[in-house]
Amino acid sequence: MTKGTRIVLLGRQGSGKGTQCVRLSRHYVVPHISTGDMLRAAVREDSPLGRSVAEVIGSGGLVSDDLIVELVRERLGKADARRRGFLLDGFPRTVAQAVALDDISGDGALNAVIDLVVPREMVLDRLSARRVCRDCGANYQAGPVVRSPWTCDTCGGDVVQRDDDTPESINRRLDLYETQTAPLIEFYGATNRLFPVDGVGTPDQVFERITSIIDAR
Ligand code: AP5
Ligand code: MG
């Protein structure tokens, strides 16, 4: 069984999972494992995996459970995750993936599933203004002043808009969240692993809410 801190961040697209995981990963010294970041890296590298998923990601669809489960199984088998644990961001996203995660990490191995709760109307604005560092995944919000070129404050990488942050793709992802991912709330609630966190507030406030739950576990 995996040792260390084992946390899943749930929440609809734009609820701040990625933003919080970057901070939590530094705070607890635990690997931040984002399936979205892994898939986008594969697309950038133009690997066979990247070529097979590029269209699905761009349109806001979901990559197949089998493919994503194998990707996560391999990643969680690496030494850092086995020793330090993991912060999972964007996985699981279907009940089938959640069942597979229990199989991979060991039944009862998750310390907590944090559900970041942010209303749909609010995430639309956040996603349209989102810019991300291509290299380290840090998140930024675009303001009225256009910054071009824009380099990351943390690592100096290029800060760009994600290909799937178009209105059509955002809406498709949010619709899929309601049908495919929302049932996970019941799945984890039934086994007393679910901790809803109000995701409305400053990133600092949300971070405090999450760490107070993790520290108490
Ligand atoms: P993924 O990369 O996981 O994208 P997503 O699900 O669309 O989620 P987001 O990254 O958009 O949301 P987030 O919660 O991380 O928000 P963020 O912190 O950036 O997946 C991409 C694609 O890959 C999927 O569509 C699918 O095709 C595929 N995929 C991935 N995993 C899969 C799986 N398991 N199964 C099948 N397919 C899979 O925040 C958003 C913005 O808000 C940022 O600009 C940020 O700066 C800002 N912000 C954050 N917090 C706050 C705050 N407190 N107040 C104000 N603004 C804030
Ligand atoms: Mg994200």
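Quantities reported herein were computed from a predicted structural model and do not represent experimental measurements.

S.K.: Which residues make up the side chain of R6, and what are the values?
M.R.: Among the secondary structure elements, R6 is positioned in strand β1 (residues 5-11). D102 is the oppositely charged side chain nearest to the buried, salt-bridge-free R6, at an N-O distance of 9.4 Å. A distance of 2.7 Å separates a polar side-chain atom of R6 from the backbone oxygen of G4.

S.K.: Would you mind going over the site of ligand 1 in detail, with residue names and values included?
M.R.: Taken together, 33 residues lie around ligand 1, and T19, G61, R93, R130 and Q141 are the ones closest in. Contact distances for ligand 1 include 3.2 Å between a nitrogen atom and a side-chain N or O atom of R126. When ligand 1 is considered free in solution it has 1000 Å² of accessible area, and contact with the protein chains removes 94% of it. Every element with two or more residues in the shell around ligand 1 is listed here: α1 (17-28), α2 (35-45), α7 (120-129) and β6 (139-141).

S.K.: A description of the pattern of salt bridges should follow, citing residues and the corresponding values.
M.R.: Counting across every chain of the model gives 13 salt bridges. Two residues, D102 and R193, come together in a salt bridge whose shortest N-O distance is 3.0 Å. Here the residue D102 occupies a position in helix α6 (residues 95-105), and R193 occupies one in the loop between α9 (183-189) and β8 (194-198), the gap between them amounting to 91 residues. Taking the relative accessible area as the measure of exposure, D102 reaches 10% and is therefore buried.

S.K.: Describe the sheet that holds strand β7 (residues 159-160), listing the residues and the values that go with them.
M.R.: Spatially, three strands are ordered β6-β5-β7 in an open sheet, and the strand pairing comes out antiparallel. With partners counted over all chains shown, the strands left at the sheet margins are β6 and β7, one partner each. Examined bridge by bridge, strand β5 (residues 130-133) and β6 share three bridges and lie antiparallel to one another. Within β6, the position partnered with V132 by the bridge is N139. Sheet contacts for α7: β5 and β6; angle to β5, the most-contacted strand, approximately 50°.

Cut-off values and rules
- Residues numbered from 1 in each chain as written.
- Chains lettered and ligands numbered in written order.
- Predicted model: local features only at pLDDT ≥ 70, side-chain atom pairs only at ≥ 80, totals over all residues.
- Heavy atoms only, no water.
- Helix = DSSP H or I, 4+ residues; strand = E, 2+ residues; numbered from the N terminus.
- Buried < 20%, exposed > 50% of the residue type's maximum accessible area, 1.4 Å probe, protein only.
- Lys, Arg positive; Asp, Glu negative; His and termini not counted.
- Salt bridge = Lys/Arg side-chain N within 4 Å of Asp/Glu carboxyl O.
- Polar contact = N/O pair within 3.5 Å; in protein donor to acceptor, adjacent residues only side chain to side chain.
- Near = heavy atom within 4 Å.
- Areas by Shrake-Rupley, 256 points an atom, 1.4 Å probe, with all protein chains shown as cover.
- Pairing = 2+ DSSP bridges.
- Contact = heavy atoms within 4.5 Å.
- Axes fitted to C-alpha atoms, helices over the stretch in contact; angles between N-to-C directions.

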